[in-house]
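Observations on chain architecture
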Amino acid sequence: MAEALDALLGRALGGRVRFEAAPRAQDVTAWLERPEDLPAAAGEVAGPAGHSLAMLVATDDPGGRLTVRYVFEPREAEDRFVTLAVSLDPARAELPSLTCAVPAANWHEREVRDLFGVVPAGHPDPRPLVLHAGWPAGVYPMRKAFDASERPAVAPGEEVSRRVVEGGGVFEIPVGPIHAGIIEPGHFRFSSVGETVLHLDARLFYTHRGLEKRIEGMSAIDAFHVAERLCGVCSVAHGLGFCEAIEQIAGIEAPPRARLLRALALELERLYNHAGDIGNVCAGASYHYGTSAGLRIKESLQQLNEQVAGNRFLRGWLIPGGVQRDVGPEAIRRVRAAVFETGDRLADLMHRIETNPTVVDRLDGTGELPRQAAVDLAVTGVTARACGIERDARRDHPHAAFRDVPALQPRIVTAQGGDVHARVDVRAREAGESIRIIEEVVARLEPGPLAQSLPTALRAGSIGIASIESPRGASIHWLRLDPEGRVDRYHVRSASYANWPAVPIAAEKAIVPDFPLVNKSFELCYACTDR
Amino acid sequence: MLGTILRSLRAGVVTTRYPDDRTEPPLAFRGAPEIRLGGRFAELPAADVCPVGAITARGEGARRSYAIDLARCIFCGRCEAPGRKGPLTLGRDFELSARRRPDLVIEVTSDEEGAIAAPAVALTTSDEVSAQIRAVLGRSLHLRHLDAGSCNACDWELSALLNPVYDVRRLGIDFVASPRHADGVIVTGSVTRNLESAVQRTWAAVPEPRIVIAIGACAASGGIAGRSYASAGGVSEVLPIDVLVPGCPPRPEAIIFGILVALGRLDVRRRA
């Protein structure tokens, strides 16, 4: 496969390409001599070679040049990343946009334009994404020359334009960023005729905290605590992504007990999320018994989290090199009892949902995401699997203990409808699978060391990449250290980031009152999208 | 339908009686850092062990001081010595709300023999706005939630207050849809640049007297986001805070405690 890709790219680019087995031995990085060759190269990788876009990473390199890496992953189960890299002169930072050919590149290219000033020429959407109105032109906060503590004054300027439908009988409904409930901030502008949504323009990045800039220059251990806080309900997944990336750079591996405990943490995180998300979908469908039942299950699981890890979001359990806290026999007993009970309660809740025609009527056919759109946007996690796309980073990019024992490998759950019902169904069956994995994990725990220490001298310049299956899908972490062993560049493509562009598509043709239901069936985070 | 009703009846009452009944967090819980008085000052962990800069060590020789800012603390436990053998451990106290930021600083000094001693601390207990709020509103408080750029952990804990276990409505506390119906705002996050005007405009729409409760390390101090091109560095940079609730995130009962402190229904001294 690797040879075939080399040959394909070499031929398509007339040899103007240099290959490197990086970041990991099984990966390929193709350095393109000319940025103009990017569309042809991407055409080969995304087309005949069957890859989808995973992430875009821009770096401001020590030599003063900017590098943009388009990272692809195979659509089939294969633990490999293919990177197309181009080096740019910051004075003429421009490359041809891939968005029209590779729709998944849309937000990535807009983000790199905002934060690094790299212009994706021919991008169909000229609006800023991450930096909202009032940000001064020509100031790029992720460039190294930009001082992290600088706070540019708000520049006078027009509000960013919105994409709306105009015409007789078309109404525009603005919602947010401050919502009526306890929800994260985003602005949604519906164009509707009667109750039917014609178009939804979603504007995010209100919670952009500048964390990727903040983390630069931090020691690996300090940076871990920030990574763990990119998101609340994906704390374990992000913490683990950072850990696996730094361990790759350090050339160490967490000990077996730590790998098992990491799998336990990931599955406990998935379980409380899925239970709560099913409850929240019931809230969207006005099924209050279901809401209360789902939230009760979530609450008891979060209380379990606190008993096991000392924190209801499981923070402070992992650490680069392994885990920082062990789990004693008493906690294991509680885990066993709690997941057993959860299985029962979830099964009962699902039975009540599925046998209630008024609820099922709200879920069926609502917020349908066409399979082709799911493929084009390279969506991930529950969103993808509910469209029949059989992907799961636990199998495709094995992490924690998922590669160790066949019994720990998840049986990947899919559904075909792509609608709210399919997403609820996938979550419920996945929760059952998480319970099975948790039981397998705790049955296999043997005494042993909890962590390997990180070497004091970490290799500068080498890159760590890890894809972790969070409750919302694969979150991909890319990390590079500077010569002092501090973070030089850290970029995270969260599962929510990949999935958000699918929400407006699924909302089209829904009725406005169903939007909360559609939105809750995706249940995406804003925090780890906006960072 | 009948099955659902029977199931609900069988579940019984699941709601906690907090704050009337004091609850004990689990043994593993990481709450307020505790410094053992009389322990060796030299054995306190170096300030740079803290990933968020919550620890400050000042001075030389005998007149040294050591302070932990709970507004910054993310309760990660890195400052605990292995096996919790040092003079600094994370205890289980979670009722940590305060009216003023300085009240959240735990400070110790070194005596002549190098042992840890404690300076006198006075907590601020009364507050004008709180008295005013109580005069107008009595014991009830309706709040507008403002996500000012949180990681969503604090937000999820606020929504947990509405689940059947905490059910804060039993205490006369509720979250409302419009700032115009609110007695104040409960803010999570460090106030991002992209939300600053929304935060100010929401606050301006709340009728007076109005209260501001800052939830979690980011709201109280900027937290891990700090002050940067994208983040104001805490709610106090934008709004006048009445009560701070430390935590990363604070557990639901800690938030209930903070809200009741804001109302003057509980005293911050309860923790002393």
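These numbers come from a predicted model, not from an experiment.

1. Regarding the overall build of chain B
When helices and strands are counted, chain B shows 6 helices and 11 strands. Relative to its length of 272 residues, chain B is compact, with a C-alpha radius of gyration of 20 Å against a globular reference of 19 Å. Dimensions along the principal axes, computed over C-alpha positions, put chain B at roughly 70 × 45 × 35 Å. Of all 272 residues assigned to chain B, the portion counted as buried reaches 60%. For chain B, long-range pairs separated by at least 24 residues make up 78% of all intrachain contacts whose partners lie at least 6 apart in sequence. When the accessible surface of chain B is summed, it comes to about 11,000 Å², and 51% of that surface belongs to carbon and sulfur atoms. Taken as two groups, the 33 positive and 30 negative side-chain charges of chain B have centres that lie 4 Å from each other.

2. Section: the sheet that holds strand β13 (residues 463-470) of chain A
Residue and element names in this part refer to chain A. Strands sit in the order β13-β14-β15 across an open sheet of 3 strands; the sheet is antiparallel. The strands lining the two open edges of the sheet, one partner per strand, are β13 and β15 (487-493). Between one strand axis and the next, the sheet turns through 15 degrees on average, direction left out of account. Pairing between strand β14 (residues 473-481) and β15: 6 bridges, direction antiparallel. What sits directly across from L481, in β15, is V487. With respect to the sheet, helix α6 (residues 235-250) is in contact with β13, β14 and β15, its orientation differing from that of β13 by roughly 150 degrees.

3. Some words on the nonpolar core
Of all hydrophobic cores here, the largest spans 183 residues; its most connected members are A:Y70, A:L84 and A:W317. For this core, the element with the highest residue contribution is helix α7 (residues 256-284) of chain A, accounting for 14 residues. If sequence neighbours within four positions are ignored, A:L84 has contacts with A:L9, A:A30, A:L38, A:A41, A:A42, A:V45, A:V68, A:R69, A:Y70 and A:F72. Core analysis: the second largest hydrophobic core is formed by 34 residues, B:Y18, B:F29, B:L143 and B:F257 among them.

4. Topic: the packing of aromatic side chains
Enumeration according to the criterion identifies 15 aromatic pairs over all chains in this entry. Summarising the aromatic geometry, the rings of A:W107 and A:Y497 are spaced 5.7 Å apart at their centres and angled 85 degrees between planes, so their arrangement reads as edge-to-face. Of this pair, A:W107 sits in helix α3 (residues 106-116) while A:Y497 sits in helix α15 (residues 495-499), and the two are 390 residues apart along the sequence. Taken together, the ring pairs connect A:F188, A:F190, A:W500, A:F515 and A:Y526 into an aromatic cluster. When the ring centre of B:W203 is taken as reference, the NZ or CZ atom of B:R210 above it lies at 3.9 Å. Residue placement shows B:R251 over the ring face of B:F29; its charged tip is 5.1 Å from the ring centre.

5. A closer look at the sheet that holds strand β3 (residues 65-69) of chain B
All names here are of chain B. Taken together, 4 strands build an open sheet; the order of strands is β2-β3-β5-β6 and the sheet is antiparallel. For this open sheet the edge positions go to β2 (55-58) and β6 (116-117), each flanked by a neighbour on one side alone. The sheet contact formed by β2 and β3 spans 4 bridges and is antiparallel. Looking at β3, one finds that A57 is bridged to Y66.

6. Considering the side chain of A:D60
All names here are of chain A. Note on placement: D60 falls in strand β3 (residues 51-60). Salt bridges are absent for the buried D60, whose nearest opposite-charge side chain, R143, sits at 5.4 Å. A distance of 2.7 Å separates the side chain of D60 from the backbone nitrogen of K144, its partner in a polar contact. Residues in contact with D60, not counting those within four places in the same chain, are R65, L66, F116, M142, R143, K144 and A145.

7. Digging into a nonpolar patch on the surface
On the surface, a cluster of nonpolar side chains totalling about 600 Å² of accessible area is made up of B:M1, B:L2, B:I5, B:L6 and B:L9. Considering the arrangement of structural elements, one finds B:L2 in helix α1 (residues 2-11).

8. Side note on the packing of α7(A) against helix α17 (residues 515-522) of chain A
Residue and element names in this part refer to chain A. The geometry of α7 relative to α17 is characterised by a closest axis approach of 8 Å and an angle of 175 degrees between their N-to-C directions. Judged on the interaxial angle alone, α17 and α7 are roughly antiparallel. In contact with N280, V281 and G284 of α7, α17 contributes L517, K520 and S521. Looking at side-chain class alone, the contact of α7 with α17 contains 2 nonpolar, 3 polar and 1 charged residues.

9. Overview of the packing of α7(A) against helix α8 (residues 288-309) of chain A
All names here are of chain A. It is at 7 Å that the axes of α7 and α8 come closest, and there the two elements cross at 160 degrees. Accordingly, the angle class assigned to the pair α7 and α8 is roughly antiparallel. Relative to α8, α7 is oriented so that their crossing is left-handed. Along its contact with α7, which presents L268, L271, Y272, A275, G276, G279, N280, C282 and A283, the element α8 presents G290, T291, G294, L295, I297, K298, L301, Q302, L304 and N305. Looking at the contact of α7 with α8 residue by residue, the classes come out as 10 nonpolar, 8 polar and 1 charged.

10. Some words on helix α6 (residues 252-262) of chain B
Residues and elements named next belong to chain B. In terms of residue burial, α6 counts as a mostly covered element, since 11 of its 11 residues are buried. Taken together, the buried positions of α6 are P252, E253, A254, I255, I256, F257, G258, I259, L260, V261 and A262. Just past α6, the residue G264 takes up positive phi, approximately 75 degrees.

11. Section: the pattern of salt bridges
Residues and elements named next belong to chain A. Summed over all chains, the structure comprises 61 salt bridges over all chains. Where R429 meets D425, a salt bridge forms, and the shortest distance between an N and an O atom there is 3.0 Å. Separated by 4 residues within a single helix, R429 and D425 lie in helix α14 (residues 420-444), roughly one turn from each other. Residue classification places R429 among the partly exposed residues on the basis of a relative accessible area of 38%. Residue class for D425 comes out partly exposed when judged on its relative accessible area of 23%.

12. Here's the deal with the environment of A:E73
All names here are of chain A. Among the structural elements, E73 can be located in strand β4 (residues 66-74). Put simply, E73 and V45 are 28 residues apart on the chain and 9.3 Å apart in space, counted from C-alpha to C-alpha. Contacts of E73, omitting those with residues within four sequence positions, involve H51, S52, A54, R80, F81, R391, H397 and I476. A polar side-chain atom of E73 sits 2.6 Å from a polar atom in the side chain of H397.

Criteria and cut-off values
- Residues numbered from 1 in each chain as written.
- Chains lettered and ligands numbered in written order.
- Predicted model: local features only at pLDDT ≥ 70, side-chain atom pairs only at ≥ 80, totals over all residues.
- Heavy atoms only, no water.
- Helix = DSSP H or I, 4+ residues; strand = E, 2+ residues; numbered from the N terminus.
- Rg over C-alpha atoms; globule rule 2.2 N^0.38 Å.
- Buried < 20%, exposed > 50% of the residue type's maximum accessible area, 1.4 Å probe, protein only.
- Contact = heavy atoms within 4.5 Å.
- Areas by Shrake-Rupley, 256 points an atom, 1.4 Å probe, with all protein chains shown as cover.
- Lys, Arg positive; Asp, Glu negative; His and termini not counted.
- Charge placed at Lys NZ, Arg CZ, Asp CG, Glu CD.
- Pairing = 2+ DSSP bridges.
- Axes fitted to C-alpha atoms, helices over the stretch in contact; angles between N-to-C directions.
- Core = buried A, V, L, I, M, F, W, Y, C linked by side-chain atoms within 4.5 Å.
- Phe/Tyr/Trp six-rings, centres within 6.5 Å; stacked < 30°, edge-to-face > 60°.
- Lys NZ or Arg CZ within 6 Å of the ring centre and 35° of its normal.
- Salt bridge = Lys/Arg side-chain N within 4 Å of Asp/Glu carboxyl O.
- Polar contact = N/O pair within 3.5 Å; in protein donor to acceptor, adjacent residues only side chain to side chain.
- Patch = residues over 30% accessible without salt bridge, like charges linked within 9 Å, V, L, I, M, F, W, Y side chains within 5 Å.
- Parallel < 35°, antiparallel > 145°, perpendicular 65-115°, else oblique.
- Nonpolar A, V, L, I, M, F, W, Y, C, P; charged D, E, K, R; others polar.
- Left-handed = near helix turned anticlockwise from the far one by under 90°.

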